[in-house]
Every structure is written in structure tokens, then in C-alpha cells.
Amino acid sequence: MKKPLNILLLVGTANDIFISNMSKWLKKSMNVSIDVFEFEPSSNQGYDNRHFDNLTSVIYKNPLMRVKGVRSLIKPYIGSKQLRRYLSNKHYDIIQCHWIVPAVVLTKNIKEHCSKLYVTFWGGELETLKLLYSHDYYLFKLKELLNSVDSIINSQLFLNKLSEYVPKLNAEFHNARLGSSSIEELYKLNDIETKEESKQYWNIPLDKTTVLIGYSGKALHNHIPIINELKKNKEFKINSHLLAPMTRGACKNYVSEVETTLKKSGFSYTLIKDRFLSDLEVARLRRSTDITLQLSDFDGYSRSIVELLCAGSILIYGDWLNYKDRLNDDGFSAYSVSSIEEAVLVMEEVIRGSQINITNENLYKGRKYLWSECIKDWVNIYSESD
């Protein structure tokens with residue numbers, strides 16, 4: 001029997017819907033063994049390790065990690081040191097970097113430990129990630145890393161953006177995307193459940209417009225500034241219901257701050273915390289969302305946004321996120337704004353002038369994001385290394 005392709009995934013967090021599903025579908029589709037090395041250990045997303053052959057996590061025991069300000073300075077160096085130690089005397093057919101965190105760009109010898117080194121940008125690398133408090137220094141080290149990789153795996157539209165930062169790329173480029181397990185559930189629900197029934201599952205008032213103020217528990221979504229801007233409009237308090245799923249990437253202190261702000265806001269709301277959501281529950285939540293405010297400090301064109309659009313949600317997003325080309329490529333329409341204040345004004349116009357309802361037209365634009373379709377490109381790319 002042919003030896004399995006030996007793959008190492010370098011990831012931010014292994015306990016992640018995309019890492020879990022990618023491993024699952026790779027194992028369904030080809031003969032592989034999958035090791036995972038994670039820099040941000042977490043158990044708050046509800047995915048187990050059944051699809052990994054081995055999982056190794058960075059351990060941050062340095063006492064300086066308790067010192068605010070110093071923590072962000074030394075964390076990448078601790079992660080890089082432990083990665084180098086892990087890779088010592090190991091060799092993989094493929095090392096795949098998902099999200100190029102600072103610890104990865106600090107590690108010079110990754111390519112020495114694999115036949116093929118692939119990287120995939122997840123969002124924020126080109127705009128916000130820092131080393132020693134410097135984004136420019138991070139970009140400098142990122143360019144050094146890119147000189148050693150065999151291929152960059154992202155969308156063609158992302159390659160155009162990357163070329164602005166790194167004009168002379170030596171690496172090959174492959175077009176591939178991550179899939180969405182919740183889109184498959186959206187198709188199933190569309191045949192058996194109305195939008196109203198999806199809302200009733202979450203005990204959402206049927207006479208109000210539901211507004212998503214952030215699709216995860218990360219502070220980068222700006223939940224609190226959005227709530228504070230929305231509450232200036234008295235009509236919104238009467239006619240709108242706010243959605244805040246704080247189940248992924250959530251810090252307990254931040255969740256508490258958001259919950260306190262919601263309680264004082266005068267809005268009815270649904271805040272989901274301290275639990276995991278199944279793919280079916282995520283699909284129901286997407287169908288329950290009339291308007292999506294995507295005003296994160298930074299973000300890639302995430303599958304959460306695609307799921308919401310497929311479910312018929314109206315998207316209002318910050319123009320700094322550069323979604324325009326991706327939306328056009330997928331055939332979706334959305335409202336682009338330059339600030340949270342403008343987003344709230346546009347939301348007011350949308351509520352007054354639009355009939356908000358799920359549309360099958362958008363639903364079927366999401367077929368190419370099913371894992372059964374997306375995995376084909378990854379298998380083809382990895383098979384070149386076999």
C-alpha cells in the first residue's frame with residue numbers, strides 16, 4: 001500500500017471549524033496523515049481532534065507573559081522557538097501555513113523540514129499584524145518567508161492584492177478556497193423550514209428586523225461602538241433586534257462588556273455565549289439575520305459572510321475590508337460604507353426602503369463554497385507533491 005502523504009498544518013487555533021473540516025475532507029479525499037501545530041490553544045469552539053494524527057500546542061510558561069505590554073513583544077519569539085524545536089529532526093511532504101502569524105515569519109528554517117511549503121493568508125497579515133509593535137517589521141519578515149515558499153494558495157483576487165505589497169513573488173500561485181459546512185445545512189433548511197421558523201428556534205421576535213453586529217466574539221468586530229451608535233436612533237430600539245453570537249474567539253471579559261452594553265442599550269437582543277453551535281444552528285442563525293453589519297477592524301472575505309449572503313441577509317460592510325471584487329466575483333450585492341456612523345444611516349435607509357427576505361437566488365450562488373467542491377482544488381495541489 002502506498003505511503004500516506006505526510007502533512008503538517010501550522011495554524012493559529014486547531015479548535016477551529018475550518019481546520020477541522022479541512023482535515024476531515026482531506027482524509028475523505030486522499031491518503032494523508034495530518035499533524036497540526038497551533039500557536040493559540042483554545043477549547044472554546046467545540047471541535048475535537050479526531051481528524052488529526054497529532055496535535056502540538058505552544059506552551060506559554062514564561063513569567064513575562066503576565067506583564068501587559070511585554071506579552072505581545074515576546075509571544076511570537078516563544079512560539080517560534082517552540083516551532084523550531086518541534087521541527088528538529090522532522091521532515092514532511094507538505095507544510096501548510098494557515099494564517100501567517102508573527103511566530104511563523106520569525107521561523108527561518110521551515111522550508112528545510114518539508115518537500116513543499118505552502119502558505120494561505122487568512123486576513124490581517126497585510127494590514128495589521130505586528131512584530132515588536134511594528135507592522136512594517138512584520139511585513140519585512142513576511143517577505144523573507146515568501147521567498148522560501150513553494151506556493152501561495154488563495155483566491156486569484158487576493159493574489160492581485162498581494163502583488164501590491166510584494167511586487168516580485170517567486171512562489172507559484174494556486175487558486176483554492178476554504179469551504180463552509182453550514183452552507184450545506186442552509187440547502188437542507190430551505191426545503192423544510194421557513195425563515196420565521198428559524199427565528200423561532202432562537203426565540204427572536206418575528207415583528208422586528210434582526211441585525212447582526214459581529215459574527216464572532218472577537219473585539220475586532222467593534223460590537224460596542226456599533227451598539228452605541230445604533231442606540232442614538234429611537235426607532236431602531238423599537239423595531240430592531242440585535243444578534244451577538246459570542247461563541248468563537250471570545251474573551252470572557254470582552255463578552256461581559258458587550259453584554260453589559262446591550263443590557264443598557266434599550267434594544268431587545270440575542271447574545272449567545274458559553275456554548276458551541278452546531279453547523280445546523282449556525283445555518284439557522286444565518287437565516288434569522290436580516291441585516292449584517294460587518295464593520296470589523298480587519299477581516300478576510302470570511303465564510304461567515306458568504307453564509308449570511310447565501311441566507312439572504314443584507315450586508316453593510318466597511319470599505320476598508322476590500323470586499324468589492326470578491327462580492328462581484330460571487331455575484332452578491334452589498335452596501336459599502338466608510339464608517340460605523342455611515343453604516344447606521346444606510347441601515348435606516350435599507351429598513352425603510354427594502355423588503356427583507358430570504359432569496360433562493362443568493363442561496364445557490366454559494367454552491368462553490370461547499371466542502372465537497374472546495375476540497376477538489378486542495379487535493380489537486382497536494383497531489384502534485386505525492
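Residues numbered from 1 in each chain as written. Predicted model: local features only at pLDDT ≥ 70, side-chain atom pairs only at ≥ 80, totals over all residues. Heavy atoms only, no water.

Student: Explain the overall build of the protein to me, and be specific about the residues and the numbers.
Tutor: Secondary structure assignment for the protein yields 16 helices and 13 strands. A compact globule built from 386 residues should have a C-alpha radius of gyration of about 21 Å, and the protein, at 21 Å, falls within 12% of that. Across the 386 residues of the protein, 56% fall into the buried class. Summarising the internal contacts of the protein: among those between residues at least 6 apart in sequence, 69% fall at separations of at least 24. Accessible surface for the protein amounts to roughly 17500 Å². Of this, 48% is attributable to carbon and sulfur atoms. A distance of 6 Å separates the average location of the 50 positive side-chain charges in the protein from that of its 46 negative side-chain charges. (Helix = DSSP H or I, 4+ residues; strand = E, 2+ residues; numbered from the N terminus. Rg over C-alpha atoms; globule rule 2.2 N^0.38 Å. Buried < 20%, exposed > 50% of the residue type's maximum accessible area, 1.4 Å probe, protein only. Contact = heavy atoms within 4.5 Å. Areas by Shrake-Rupley, 256 points an atom, 1.4 Å probe, with all protein chains shown as cover. Lys, Arg positive; Asp, Glu negative; His and termini not counted. Charge placed at Lys NZ, Arg CZ, Asp CG, Glu CD.)

Student: Break down the sheet that holds strand β9 (residues 240-245) for me, with residues and values.
Tutor: Pairing between the strands of a sheet comes from backbone hydrogen bonds, and it takes one of two forms, parallel or antiparallel. Spatially, the six strands line up as an open sheet ordered β10-β9-β8-β11-β12-β13, and their pairing is parallel. The open sheet has two free edges, formed respectively by β10 (268-272) and β13 (335-337), since each of these has just one partner strand. With direction set aside, neighbouring strand axes in the sheet form an average angle of 20 degrees. Sheet topology note: the strand β11 (residues 291-294)/strand β12 (residues 314-318) ladder contains four bridges and is parallel. If you follow L293 over to β12, its bridge partner there is I316. (Pairing = 2+ DSSP bridges. Axes fitted to C-alpha atoms, helices over the stretch in contact; angles between N-to-C directions.)

Student: If you had to explain the packing of helix α8 (residues 223-230) against helix α10 (residues 252-265) to someone new, which residues and values would you point to?
Tutor: Packing of α8 against α10 brings their axes to within 10 Å, and their N-to-C directions diverge by 5 degrees. One finds that α8 runs roughly parallel with respect to α10. Contacts between α8 and α10 involve H223, I224, I227 and N228 on the former and, on the latter, Y254, E257, V258, T261, L262 and S265. Here the residues of the contact of α8 with α10 sort into five nonpolar, four polar and one charged. (Parallel < 35°, antiparallel > 145°, perpendicular 65-115°, else oblique. Nonpolar A, V, L, I, M, F, W, Y, C, P; charged D, E, K, R; others polar.)

Student: Lay out the packing of helix α6 (residues 181-192) against helix α12 (residues 303-310) with the relevant residues and their values.
Tutor: Remark: α6 packs on α12, axes separated minimally by 9 Å, with the N-to-C direction vectors making an angle of 10 degrees. In terms of orientation, α6 lies roughly parallel with respect to α12. Facing S182, I183 and L186 of α6, the residues of α12 in contact are V306, E307 and C310. Residue composition of the contact of α6 with α12, by class: four nonpolar, one polar and one charged.

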